[in-house]
Amino acid sequence: MNALRRQFAAELDQITRDTYRHIGHLNTAISQISFPEVREALRAEKERVYEAMRASHRYNRLCYLQQLEMIEDEYQHHRTKNPSARQLRRMMTILRKSAEQSGQSSLSISLGDNRTATVTFG
């Protein structure tokens, strides 16, 4: 996730640098032109470039957020399929307490598909 965040920031910086470089060229051209119609056309182009930069930033952020969401979904799926050691210990503690409350030292668990397991606590 950190690498993705760094890539996102680098892409935003690159888009901004390229845009401002282009804007700088347009500003130079605007200052050197004496015809009002041409100046207005260059200013309109400048606004179009700014809007394109904003659109690129929005699209880049959307892609970044979608990638984060996909990583988070994959992580949650992994956590569901592969419980942590802490989760396993807590589950075994609950099972042991359940067996002790019923006065037994072992507990039979149904795993589905006609499979059962017997856990003995010592």
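The rules we used
- Residues numbered from 1 in each chain as written.
- Predicted model: local features only at pLDDT ≥ 70, side-chain atom pairs only at ≥ 80, totals over all residues.
- Heavy atoms only, no water.
- Helix = DSSP H or I, 4+ residues; strand = E, 2+ residues; numbered from the N terminus.
- Rg over C-alpha atoms; globule rule 2.2 N^0.38 Å.
- Salt bridge = Lys/Arg side-chain N within 4 Å of Asp/Glu carboxyl O.
- Phe/Tyr/Trp six-rings, centres within 6.5 Å; stacked < 30°, edge-to-face > 60°.
- Buried < 20%, exposed > 50% of the residue type's maximum accessible area, 1.4 Å probe, protein only.
- Axes fitted to C-alpha atoms, helices over the stretch in contact; angles between N-to-C directions.
- Parallel < 35°, antiparallel > 145°, perpendicular 65-115°, else oblique.

### Side note on the overall build of the protein chain
On a plain count of helices and strands, the protein chain comes out with three helices and two strands. In the protein chain, the order of α-helices and β-strands from amino to carboxyl end is α-α-α-β-β. For the protein chain, the C-alpha radius of gyration of 31 Å lies well beyond 14 Å, the compact-globule estimate for 122 residues. C-alpha extents for the protein chain along the principal axes are approximately 95 × 25 × 20 Å.

### Side note on the pattern of salt bridges
Opposite charge on two side chains makes pairing possible when the charged atoms of those side chains draw close. All told, the structure shown has six salt bridges when counted by the stated rule. Within this structure, E51, R54 and R58 form a network of salt bridges that share partners.

### Things to note about the environment of Q67
Within the fold, Q67 resides in helix α2 (residues 36-81). When the C-alpha atoms of Q67 and I109 are compared, they prove to be 39 Å apart, with 42 residues separating the residues in sequence.

### Let's talk about the packing of aromatic side chains
The geometry of an aromatic ring pair is captured by the separation of the ring centres together with the interplanar angle, meaning the angle of the planes. One pass over the structure, following the stated rule, counts two aromatic pairs. Aromatic pair F8 and Y64: ring centres 4.3 Å apart, planes at 15°, arrangement stacked. You can see F8 sitting in helix α1 (residues 2-32) and its partner Y64 sitting in helix α2, a full 56 residues away along the chain. Across the pair, exposure class does not vary: F8 and Y64 are buried alike. Judged by centre distance (6.2 Å) and plane angle (70°), the rings of Y20 and Y50 are edge-to-face. With Y20 in helix α1 and Y50 in helix α2, this pair connects stretches of sequence that are 30 residues apart. Owing to a relative accessible area of 43%, Y20 belongs among the partly exposed residues under this scheme.

### Quick look at the packing of α1 against α2
The geometry of α1 relative to α2 is characterised by a closest axis approach of 10 Å and an angle of 180° between their N-to-C directions. With respect to each other, α1 and α2 are oriented roughly antiparallel.

Any link to function would need more than the numbers given here.
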